[in-house]
Amino acid sequence: MPALTTTSDGFLLDGEPFRIVSGAMHYFRVHPAQWTDRLRKARLMGLNTIETYIPWNLHQPDPNGPIVLDGLLDLPRYLRLAHAEGLRVLLRPGPFICAEWDGGGLPSWLTADPDIGLRSSDPRFTDAFDRYLDQLLPALLPHMAASGGPVIAVQVENEYGAYGNDTAYLKHLELALRSRGVAELLFTCDQADPAHLAAGTLPGTLVTGTFGSRVTSSLARLREHQPEGPLMCAEFWIGWFDHWGEPHHVRDAADAAADLDLLLSAGASVNIYMFHGGTNFAFTNGANHDHAYSPIVTSYDYDAPLTESGDPGPKYHAFREVIARHAPVPDRPVPSPSPKLPHTEVQFGRRAPLLPYAHVLAEGVRSELPATMEELGLRAGYTLYRTTVPEAGDGLLCFPGGVGDRAQVFLDGAPVGVLERERHEETLPVRVPRAGAVLDVLVENMGGVNYGPRIGAPKGLLGPVDLNGTVLHGWDCHPLSLDALSAVPFTPDTSTTDSVPAFHHGTFDVTVPADAFLALPGWTKGQAWVNGFHLGRYWNRGPQRTLYVPAPVLRPGSNDVVLLELQATTGRRALLTDTPDLGPVVP
C-alpha cells in the first residue's frame, strides 16, 4: 500500500491526514555541495515536501550509453539528503518537463528524427522512454515511500493537455511506471482550463492544476473536473523567467503571499514554483518560440523565496508567515544570507583566438553541404563551418534555410556580420577580398525550444549557403561542445581590444571561498568558466548583467577564469562582486 493515499477531499500519509506544502527545487540547477543548505532552508520556511523534475536529456545523453547519475545529476544522493532533512519528495520524470530547460528535457538524439511523434504513443518514442526508465528506476526505487524513502508521488507527463490528447500515450506512461515497481500515488498536472484538463488527465490518476492567480476560480475548475479527491496546485507560479532582451520579471511578495493564503485557506495542497530557482549552468537554458525565437537567460532566479544564491528574499519571509497559519513551521530563526566574496578584480593575461584553433578543439567533419548540429551529434554549444569562396567582389551571401540560432560570419578572419534566428535574418551583403577567401560561419545554439510544437527544431546551418545564387560546396564542420578547455592554446596577450571570437584566461585570488557574482563590463557575448566549472552564457543585451559563482566552485589561493568572448571587448576588465544584477524589472 502506498504511503500517500487520497480521501474525498484530501490526503492521508501513512493513514494520517496530510497536506502537501511543497516547493520546487531542481537538483540540476543547484551546485551539489549546496543541496543540503537549500533543503534545510526549505524546511525552515515551513515546507514539508520538495519537488523536482528529472531531465531525460542530461541523464541519458547517449541512447546506447549508461545513465548519468553523478555530480549535478546525482539524484539518489539528492533524495537521501531530502530524506535526512525530513522532507517528502514529488518526482516529475517527464518524459517532457518544459521547465524552461533545453529541449524541454527531451534528448536531442531523439528529437533529431523529424518522423518520430514526440509525446505520443508512437512506439519509437515510447520505446525510447521505456529503455530510459529501465536504467533510471532501479536507482530510484530504494528511495520510494514503499521502500521507506521520501518519494510519495510521481507525475505522469507534464501539462500534456496543452500539447495533445493521446490518452493511449498517457496510459502507456502509467503502465511503464507501475510495471517497473513504482507503487506511489501518480498524478497529472495541467493548466486549470477545461480543455487542457479534459485532454491531459488520466482516469484513476490524481488531477492537479497549475496557476499563479485567480485561485478561487482555478480551484473551482479543478473541482468541476474531479468532483472528489484532494485539491492541489502542482505549480503555484510566484515569479517568472526571463528571456534575453526583456526586463527581469518580479512579482510583489505581498500579492503572491495573499494568493498562497487563499489557496491554503481553501484546504488545498500546494507546490510553490519555484521555491529556489537556481541557475541554467553551461548550455542548459531553454527557449520559447511563439512569434519569434526567444532564448532563456542563464539565471533561473524566478524571483523565488530563496534567491539564486540561496538567500531568503522577501517572499521567504512572507510565505513563512502564511504557512504558519495553516501548518507547522519550525521554531527557528530565518536563515541569514550566505557570506559573499569581497570585490575582487580578475587579471587577464592570456588569450587564444578561436577561428585559427577550432581544429584543436574539434576535428572537422567534411561535408559537401553544411551539416546541422544534430547530424554532427552535437547536443549544445557551437559549430564552426568553413569553406572557400571562388571569386572576389561584392555580393549577397544567402542562408535560405535560416540559422539555428545565431551565426557570425567572417571572411579571411575578419567579421562581416551576424544573423539571428529570432530576427528571421537570412541574407548578408559581403565584400569578398580575394578569390579563394576563407568563409567561416560560427553558429551558436542558444537553447532548445522547451514548449510547444517546435521542440527539436534543428540547430546550426539549416541548408545550403549561396553567394549571388551560386551554392558553396566543400565544408569543414567543427562541432564545438566545449566540454573541456585543456586543449585551448593560450599565449600571452598584450592587446587591449578584440573584435574576433577568442578565449581569454584570467586569475584572481581568494582568501576564504564564498558566493560571488561575475560582472563583465566591456564584454559583449559569450561563455564563462571558473576553475573549469561552466557558469553559463553572458550577453550585454541583458537583462542579466552578472553570473552567479557558487562558493564551492572557488578555492583558497589562485583561481582561474576563462571567457569565450564572441564579439568585442575593451579593457579586459572583470570583477567578482557581492551583489547580483539581474537587470531592470517588470512587474
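Residues numbered from 1 in each chain as written. Predicted model: local features only at pLDDT ≥ 70, side-chain atom pairs only at ≥ 80, totals over all residues. Heavy atoms only, no water.

**Q** For this particular structure, what's the right way to read the overall build of the protein?
**A** Counting secondary structure elements, the protein contains 11 helices and 38 strands. In terms of C-alpha radius of gyration, the protein reaches 25 Å, essentially the compact-globule figure of 25 Å for 587 residues. Considered along the principal axes of its C-alpha atoms, the protein spans approximately 80 × 55 × 40 Å. Counting all 587 residues of the protein, 60% fall into the buried class. A sequence separation of at least 24 residues applies to 79% of the contacts in the protein between residues at least 6 apart. (Helix = DSSP H or I, 4+ residues; strand = E, 2+ residues; numbered from the N terminus. Rg over C-alpha atoms; globule rule 2.2 N^0.38 Å. Buried < 20%, exposed > 50% of the residue type's maximum accessible area, 1.4 Å probe, protein only. Contact = heavy atoms within 4.5 Å.)

**Q** What is the right way to read the packing of helix α1 (residues 35-45) against helix α3 (residues 75-84) from this model?
**A** When two helices pack together, their arrangement is given by the angle between the helix axes and by the axis-to-axis distance. It is the contact of α1 with α3, at a shortest axis distance of 10 Å, that shows an interaxial angle of 40°. It follows from the interaxial angle that α1 and α3 lie oblique. Relative to α3, the crossing made by α1 is right-handed. In contact with W35, T36 and L39 of α1, α3 contributes R77, Y78, L81 and A82. Looking at side-chain class alone, the contact of α1 with α3 contains 5 nonpolar, 1 polar and 1 charged residues. (Axes fitted to C-alpha atoms, helices over the stretch in contact; angles between N-to-C directions. Parallel < 35°, antiparallel > 145°, perpendicular 65-115°, else oblique. Left-handed = near helix turned anticlockwise from the far one by under 90°. Nonpolar A, V, L, I, M, F, W, Y, C, P; charged D, E, K, R; others polar.)

**Q** Can you walk me through the pattern of salt bridges in this structure?
**A** Close approach of charged atoms allows side chains with opposite charge to pair. Scanning the model with the defined rule gives 33 salt bridges in all. Residues R325 and D261 are paired through a salt bridge, measuring 3.1 Å at the closest nitrogen-oxygen approach. Of this pair, R325 sits in the loop between α10 (314-324) and β15 (344-353) while D261 is found in helix α9 (residues 253-265), placing the two residues 64 residues apart along the sequence. Taking the relative accessible area as the measure of exposure, R325 reaches 54% and is therefore exposed. Each of R406, E420, E422, R423 and R541 takes part in salt bridges that share partners, so that together they form one network. (Salt bridge = Lys/Arg side-chain N within 4 Å of Asp/Glu carboxyl O.)

**Q** How should I be thinking about the sheet that holds strand β20 (residues 406-411) in this particular structure?
**A** Think of a sheet as strands paired side by side through backbone hydrogen bonds, with each pair either parallel or antiparallel. A sheet is described by the order of its strands in space; here 6 strands give the open sequence β16-β27-β17-β23-β20-β21, paired in antiparallel fashion. The sheet terminates laterally at β16 (365-367) and β21 (414-420), the two strands that pair on one side only. Sheet twist, expressed as the average angle between the axes of neighbouring strands with direction ignored, equals 20°. Of the strand pairs in this sheet, strand β17 (residues 382-389) and strand β27 (residues 475-480) are connected by 5 bridges, and their pairing is antiparallel. When the bridges of β27 are listed, T383 appears paired with P479. (Pairing = 2+ DSSP bridges.)

**Q** Where do I start with the nonpolar core in this structure?
**A** Proteins that are soluble and globular tend to have nonpolar side chains buried together. In terms of nonpolar packing, the biggest core is built from 98 residues, with I50, L91, L140, L260, L263, I272 and F319 touching the most fellow members. For this core, the leading source of residues is helix α5 (residues 123-140), giving 8 residues. Excluding residues that lie within four positions of it along the chain, I272 makes contacts with S22, G23, A24, M45, L47, F236, I238, L260 and F319. Of all hydrophobic cores here, the second largest spans 26 residues; its members include A371, L376, Y385 and L467. (Core = buried A, V, L, I, M, F, W, Y, C linked by side-chain atoms within 4.5 Å.)

**Q** Quick question: what am I supposed to make of the pairing of β21 here?
**A** Within a regular strand, the side chains alternate between the two sheet faces. Inspection of the sheet shows β20 paired to β21 by 6 bridges, in the antiparallel sense. When the sheet's bridge partners are listed, L411 is paired in β21 with A414. The antiparallel hairpin formed by β20 and β21 contains 2 residues in its connecting segment, where D412 sits at a positive phi of about 50°.

**Q** Would you mind showing me how to read unusual backbone geometry here?
**A** Trans peptide bonds make up most of the peptide bonds, and negative phi angles are found at most residues other than glycine. Residue M274 is reached from Y273 by a cis peptide bond, and omega for that bond is 0°. Mapped onto the elements, M274 comes out in strand β12 (residues 269-276). With an omega of 15°, the peptide bond between G404 and D405 qualifies as cis. Tracing the chain through its elements places D405 in the loop between β19 (403-404) and β20. In this structure, E159 is a non-glycine residue whose phi angle is positive, near 45°. With respect to the helices and strands, the residue E159 is situated in the loop between β7 (151-155) and α6 (167-179). According to the relative accessible area criterion, E159 is buried, its value standing at 9%.

**Q** Is there a simple way to think about α6 in this case?
**A** One turn of an α-helix holds 3.6 residues; hence residues three or four places apart share an orientation. For α6, which comprises 13 residues, the first-to-last C-alpha distance of 18 Å matches the rise-based estimate of 18 Å (1.5 Å per residue) to within 8%. Taken together, the buried positions of α6 are Y169, L170, L173, A176 and L177. Looking down the long axis of α6, one finds its buried residues gathered within 120° of arc, a one-sided arrangement. Among the exposed residues of α6, those oriented more than 90 degrees off its buried face are L175 and S179. For α6, the elements touching its buried residues are α5, β7, β8 (185-191) and α7 (194-200). By the N-cap criterion, in which a side-chain oxygen at the helix start approaches the backbone nitrogen of a residue two or three places on, α6 is capped by D166, the distance to A168 being 3.2 Å. (Expected span 1.5 Å × (residues − 1). Arc of directions from axis to C-beta. Polar contact = N/O pair within 3.5 Å; in protein donor to acceptor, adjacent residues only side chain to side chain.)

**Q** I keep staring at the sheet that holds strand β18 (residues 393-398) and nothing clicks. Help me out?
**A** On the basis of which strands lie adjacent, the open sheet formed by 4 strands has the order β22-β18-β25-β26 and antiparallel pairing. Two strands in the sheet have a free side with no partner beyond their single neighbour: β22 (427-432) and β26 (470-471). Looking at chain direction, strand β25 (residues 466-467) and β26 are connected through 2 bridges and run antiparallel. Its bridge partner lying in β26, D466 is registered against V471.

**Q** Help me out: how do you make sense of the packing of α9 against α10 in this one?
**A** It is at 9 Å that the axes of α9 and α10 come closest, and there the two elements cross at 25°. By the angle class used here, α9 and α10 are roughly parallel. With respect to the hand of their crossing, α9 and α10 are arranged in right-handed fashion. Every residue of α10 that contacts α9 at A253, A256, A257, L260, D261 and L264 is listed here: P314, K315, A318, F319, V322 and I323. Classifying every residue of the contact of α9 with α10 by side-chain character gives 10 nonpolar, no polar and 2 charged.

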